[in-house]
Amino acid sequence: MPICIECRYPVKTLYTEYSKADDQSLGKGVRLTQCPRCKRFADKYVEHDFVVLFIDLVLIKPQVYRHLLFNRLGRDDDRFDRSILRLGVLLLLFDVYLTWARIEKLTLPPTSPYLPASSSLSLLSSTLTSSSSSSSSHTNTLPPHEAHTNAALLQAQPLILQYFFFLLLVCSSTLAFHLPIRLLCSVSPAKLPAPLARVYRSVIPTYPYPTPLSTALLVSSCTKLFPILLIIWDYDLPSSATAVSWAVIVNNVAALEILMDCGYARAGVLVGVGAGLRSLVANAVLTGVGLGTGWGDGSNGLGDVDGAVRWLGSVMGKG
Ligand SMILES: [Zn+2]
């Protein structure tokens, strides 16, 4: 049953169609339902197009989330709406591009065999001594700015292998984000021992429908598509990827709160757990293949808030 997007009151229909009997050329008219409780239109977004929806989604308006999650994409049979599956695939492919561009620029771990160990030493030795012949044994074909980054390791592999690696990385991190949130919400505190149940209830909300949870997380990740607009500007991709990641996390928290009506703190705990496990899995995969993760060297990781703020400032300055 649809709900009023202003006050969550259930309504029978969102609009009624009527035909203009006198003039067939005008077609059918639509009258929006007025909510019996708050007296406002039950769902004004049935009349709005996708652009308005997307802008209000980025602005985290609760009404647009209620419209999408309850009135448009909500189904009774606990299956995904077809448009959500399409959005999921689009987000996944876009994430591959963003992740690839970000990871490529990170520094290689100090133990990596692809790290040109001679480059810094040979520079030193060639300036100190005249015998520079020792450095000739190391032939480094990459330009100096790429020599220390993950790009050195990645570009040694075929392109198709690089693509499938990032596809696998993004798929596994997405699963590591969705599954714990679905699992935690499906646990019924009634089955836990009494003291534990009280703590669990105060930290984790209960919501036994996993599909709407994933739908909420996917819809709220729409901000990930935002960098499409950034093609217009020249921009620093790692910093913008960081800014977008944080914006997506804020959107995720808002979407879960609006879906479950559970308060921002509990929604924040859920997204925190999901995001934490996601970054653990991603870092494990990256470390496993010998790529740098960006953590600990103070550059370009998710923790690069300074870079993101600088980048946002520069974009605002141009706009
Ligand atoms: Zn209402």
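Residues numbered from 1 in each chain as written. Predicted model: local features only at pLDDT ≥ 70, side-chain atom pairs only at ≥ 80, totals over all residues.

## Observations regarding the overall build of the chain
And step 1. Across its full length, the chain carries 12 helices and 2 strands.
And step 2. Reading the chain from its N end, one meets helices and strands in the order β-β-α-α-α-α-α-α-α-α-α-α-α-α.
And step 3. When the 319 residues of the chain are sorted by exposure, 27% land in the buried category.
And step 4. The contacts in the chain between residues at least 6 apart in sequence include a share of 67% that link residues at least 24 apart. (Helix = DSSP H or I, 4+ residues; strand = E, 2+ residues; numbered from the N terminus. Buried ≥ 20, exposed ≤ 12 C-beta atoms within 10 Å, placed from the backbone. Contact = placed C-beta atoms within 7 Å.)

## Re unusual backbone geometry
And step 1. Although it is not a glycine, Ile60 adopts a positive phi angle of roughly 50°.
And step 2. One can find Ile60 in the loop between helix 1 (50-58) and helix 2 (62-72).
And step 3. In this structure Ile60 comes out as partly exposed when scored by C-beta crowding, with 17 C-beta atoms within 10 Å.
And step 4. Look at Asp261: it is not a glycine, yet its phi comes out positive at around 55°.
And step 5. Note on placement: Asp261 falls in the loop between helix 10 (237-260) and helix 11 (264-288).

## Looking at the environment of Leu14
And step 1. Tracing the chain through its elements places Leu14 in the segment before strand 1 (15-19).
And step 2. Along the primary structure Leu14 and Asn71 are separated by 57 residues, whereas in three dimensions their C-alpha atoms are 8.5 Å apart.
And step 3. The contact partners of Leu14, leaving out residues within four places of it in the chain, are Pro2, Thr33, Ala42, Asp43, Val46 and Asn71.

## Let's talk about the nonpolar core
And step 1. The biggest cluster of nonpolar side chains holds 34 residues, and the ones touching the most others in it are Leu69, Ala216, Ala255 and Leu256.
And step 2. For this core, the secondary structure elements donating two or more residues are helix 2, helix 7 (159-186), helix 9 (210-220), helix 10 and helix 11.
And step 3. Considering each element in turn, this core owes the most residues, 6 residues, to helix 10.
And step 4. Per-domain counts for this core show at least three residues from each of domain 1 (1-77) and domain 2 (83-109 + 150-318).
And step 5. If we ignore the near neighbours within four places in the chain, the residues touching Ala216 are Leu69, Ala255, Leu256 and Leu259.
And step 6. Counting residues in each nonpolar core, the second largest holds 11 residues, with Ile103, Leu106, Leu153 and Leu169 among its members. (Core = buried A, V, L, I, M, F, W, Y, C linked by C-beta atoms within 7 Å. Domains from an automatic or database assignment.)

## Structural notes on the UniProt feature "transmembrane region" (unreviewed entry) in the chain
And step 1. UniProt's feature table lists "transmembrane region" (unreviewed entry) at residues 84-103 and 160-181, given in the numbering used throughout.
And step 2. Here residues 84-103 runs as 100% helix and 0% strand, with 27 Å between its end C-alpha atoms.
And step 3. This span, residues 160-181, is 100% helix and 0% strand, and a straight line between its end C-alpha atoms measures 32 Å. (UniProt positions renumbered as here; feature names shortened; annotations may be inferred.)

## Points about the packing of helix 3 (residues 82-104) against helix 7
And step 1. Running from N to C, helix 3 and helix 7 point in directions that differ by 115°, and their axes come no closer than 9 Å. Comparing their axes, helix 7 and helix 3 come out roughly perpendicular. For the crossing formed where helix 3 meets helix 7, the hand is right-handed. Seen from helix 3, the contacting residues are Leu92, Asp95, Val96, Thr99 and Trp100; seen from helix 7, they are Phe166, Leu167, Leu169, Val170, Cys171 and Thr174.
And step 2. Of the residues that constitute the contact of helix 3 with helix 7, the class distribution is 8 nonpolar, 2 polar and 1 charged. (Axes fitted to C-alpha atoms, helices over the stretch in contact; angles between N-to-C directions. Parallel < 35°, antiparallel > 145°, perpendicular 65-115°, else oblique. Left-handed = near helix turned anticlockwise from the far one by under 90°. Nonpolar A, V, L, I, M, F, W, Y, C, P; charged D, E, K, R; others polar.)

## A short note on the packing of helix 7 against helix 9
And step 1. Interaxial distance between helix 7 and helix 9 falls to 10 Å at its minimum, and their mutual angle equals 140°. Judged by the inter-axis angle, helix 7 sits oblique to helix 9. Seen from above, helix 7 lies across helix 9 with right-handed handedness. Taking contact as the criterion, the partners of His178, Ile181, Arg182, Cys185 and Ser186 in helix 7 are, on helix 9, Pro210, Leu213, Ser214 and Leu217.
And step 2. Residues that form the contact of helix 7 with helix 9 fall into these classes: 5 nonpolar, 3 polar and 1 charged.

## Some words on the confidence of the model for the chain
And step 1. Here the chain averages 81 in pLDDT, and 76% of its residues register 70 or above.
And step 2. Mean pLDDT across the secondary structure elements of the chain bottoms out at helix 4 (residues 117-128), with 47, and peaks at helix 7, with 95.
And step 3. Low confidence marks residues 119-140, where pLDDT is under 50. Its contacts with residues over four positions away, or in another chain, come to 13 contacts. (pLDDT = per-residue confidence, 0-100.)

## Examining helix 7
Helical geometry: 3.6 residues make up each α-helical turn, so side chains three or four residues apart lie on a common side.
And step 1. With 28 residues, helix 7 extends 41 Å from end C-alpha to end C-alpha; this agrees with the ideal 40 Å at 1.5 Å per step.
And step 2. Listing the buried residues of helix 7 in full gives Phe166, Leu169, Val170, Ser173, Thr174, Ala176, Phe177, Ile181 and Cys185.
And step 3. Buried positions along helix 7 lie against helix 3, helix 9 and helix 11. (Expected span 1.5 Å × (residues − 1).)

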